[in-house]
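Secondary and tertiary structure notes
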Amino acid sequence: MKGALLRAERTPDRPGPGPLPEGLLRALDIDIGRRIEGLLAGDYRALVHGDGTELAQIRPYVPGDDVRSIDWNVTARTGEPHVREHLAERVLVTWLVLDTSPSMQFGTADRRKADVAEGVAIALGHVATRRGNRLGVVTFGDDRPRSLPARQGRMGLIGLLAALRSEPPDDRVGATSLGEALTRAGALARQRSLVVVVSDFRGPRDWRRPLLELAGRHDVLAVEIRDQREQELPNVGELWLVDPETGGLMRVNTRSKKLRTRFAAAAAEERDGLARSLTSVGVRHHVLSTSGEWLRSLAGFLKRGAR
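Reading the values: the criteria
Residues numbered from 1 in each chain as written. Predicted model: local features only at pLDDT ≥ 70, side-chain atom pairs only at ≥ 80, totals over all residues. Heavy atoms only, no water. Helix = DSSP H or I, 4+ residues; strand = E, 2+ residues; numbered from the N terminus. Buried < 20%, exposed > 50% of the residue type's maximum accessible area, 1.4 Å probe, protein only. Areas by Shrake-Rupley, 256 points an atom, 1.4 Å probe, with all protein chains shown as cover. Pairing = 2+ DSSP bridges. Contact = heavy atoms within 4.5 Å. Salt bridge = Lys/Arg side-chain N within 4 Å of Asp/Glu carboxyl O. Patch = residues over 30% accessible without salt bridge, like charges linked within 9 Å, V, L, I, M, F, W, Y side chains within 5 Å. Axes fitted to C-alpha atoms, helices over the stretch in contact; angles between N-to-C directions. Lys, Arg positive; Asp, Glu negative; His and termini not counted. Polar contact = N/O pair within 3.5 Å; in protein donor to acceptor, adjacent residues only side chain to side chain. Core = buried A, V, L, I, M, F, W, Y, C linked by side-chain atoms within 4.5 Å.

A word on the overall build of the protein
The number of helices and strands found in the protein is 9 helices and 10 strands. Going through the 307 residues of the protein one by one, you find that 47% of them count as buried. Carbon and sulfur atoms make up 53% of the accessible area of the protein, which amounts to about 15,300 Å² in all.

This is the structure in structure tokens:
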């Protein structure tokens, strides 16, 4: 059943993320497992009792137990003091902060940026919900931002795919607030977690402070999705360029070599500035393209970080 959930629907306008080879998914599983070991010294639910949120058992009180753990309801029913014991929090919680803004619908190569983001989300969801680990999703960029609580196994994947299937209307434009989404993720992520931000990082730079705060408490990865036409203009004559985040229009003559050179230089500088900003707050950053094998690139990125 889980394999069926991983198959993305495809249409001519929505080519999907492409194949998700089982071998690469297994490699992702290993690499994320190594990262988990660094975060929590193991990605399996603890067999020891301790501080946590999941109830392990209720047993009779013995001298030396913390009186704050007494279950007064059971004590009243039985007439004998009982205490509650919880499983220590040793499972990994992964939070996926996913960009669903209009600019993610752009793509001139093998697929759209949204298709690559969907593939990243499905691949991470596939490995982040194994062995009792939990996955939560925060979306931003459209008029229906969602916050899905962290869940184990199949339920986490179902919540993820439901979020991916609900896309913004084509005519919806507006500013994308990654900063607000990071604030929401920080409020939801109460235990130390792995936070993966998947976005094209286009829109207001309102995210530095909340990202800095998030990186101070969690392991944060930034996965940027790019399309080559955002970095350079083709020589195709006059064009109307539209900013999908704001709806702004600009008419340009791409026959001008000087214009194309200036555009490429400005685009490169803007992306270099983004990389510097992410690095300055302690976030590891990787770029995926709408062309080529994005999954292999993602696996290599995670493998380097898991060493």
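Side note on the pairing of strand β3 (residues 93–99)
The buried fraction of β3 amounts to 7 of the 7 residues, a majority that puts the element mostly inside the structure. The alternating pattern of β3 places Val-93, Trp-95, Val-97 and Asp-99 and Thr-94, Leu-96 and Leu-98 on opposite faces, both of which are buried. The sheet contact formed by β3 and strand β4 (residues 134–140) spans 7 bridges and is parallel. When the sheet's bridge partners are listed, Thr-94 is paired in β4 with Leu-135. Direction of pairing for β3 relative to strand β6 (residues 194–199): parallel, over a ladder of 5 bridges. Across the sheet, residue Trp-95 finds its bridge partner in β6, namely Val-195.

With respect to the environment of Lys-113
Summarising the element assignment, Lys-113 is placed in helix α4 (residues 113–128). Using a relative accessible area of 0% as the deciding quantity, one classes Lys-113 as buried. Not counting residues within four places of it along the chain, the set of residues in contact with Lys-113 comprises Ser-103, Met-104, Phe-106, Asp-200, Arg-202, Ile-225, Arg-226, Asp-227, Glu-230 and Thr-290.

What to know about the pattern of salt bridges
Throughout the structure, instances matching the rule amount to 16 salt bridges. We note a salt bridge from Asp-200 to Lys-113, for which the minimum N-O separation is 2.8 Å. With Asp-200 in the loop between β6 and α7 (208–217) and Lys-113 in helix α4, this residue pair connects regions lying 87 residues apart in the sequence. With respect to burial, Asp-200 and Lys-113 carry one shared label: buried. Here Glu-293 and Arg-296 are joined by a salt bridge, their closest N and O atoms 2.9 Å apart.

Section: a nonpolar patch on the surface
Together, Trp-240, Val-242 and Leu-249 make up an exposed nonpolar region whose accessible area comes to about 360 Å². Turning to its location among the elements, Val-242 is positioned in strand β8 (residues 238–242).

So, the sheet that holds strand β5 (residues 147–152)
Spatially, β5-β4-β3-β6-β7-β10 is the arrangement adopted by the 6 strands of the open sheet, whose pairing is mixed. Of all the strands in the sheet, the pair left with one neighbour each is β5 and β10 (284–289). Strand-to-strand twist of the sheet, defined as the mean angle between neighbouring strand axes without regard to direction, takes the value 20°. Where β6 meets strand β7 (residues 219–226), 6 bridges bridge the pair, whose relative direction is parallel. Bridge pairing in β7 links Val-195 to Val-220. Of the strands in this sheet, β7 and β10 are in contact with helix α8 (residues 257–280), which crosses β7 at around 170°.

Structural notes on the side chain of Asp-99
Secondary-structure assignment places Asp-99 in strand β3. We note that Asp-99 is buried and unpaired, the nearest opposite charge coming from Lys-113 at a distance of 7.3 Å. Among the polar contacts listed, one links the side chain of Asp-99 to the side chain of Ser-199, at a separation of 2.7 Å.

Brief notes about the nonpolar core
Formed by 27 residues in total, the largest nonpolar core has its most connected members in Leu-96, Val-120, Val-196, Val-198, Leu-288 and Leu-298. Broken down by secondary-structure element, the contributors of at least two residues to this core are β3, α4, β4, β6, β7 and α9 (294–306). The greatest single-element share of this core, amounting to 8 residues, is contributed by α4. For Leu-96, the residues in contact, after removing those within four places along its chain, are Ala-121, Leu-124, Leu-135, Gly-136, Val-137, Val-138, Leu-160, Val-196 and Val-198.

Re the environment of Ile-225
Looking at the secondary structure, you find Ile-225 in strand β7. When its relative accessible area of 0% is taken as the criterion, Ile-225 is described as buried. Residues within four places of Ile-225 in sequence aside, it is in contact with Met-104, Lys-113, Val-116, Ala-117, Val-198, Ser-199, Asp-200 and Leu-288.

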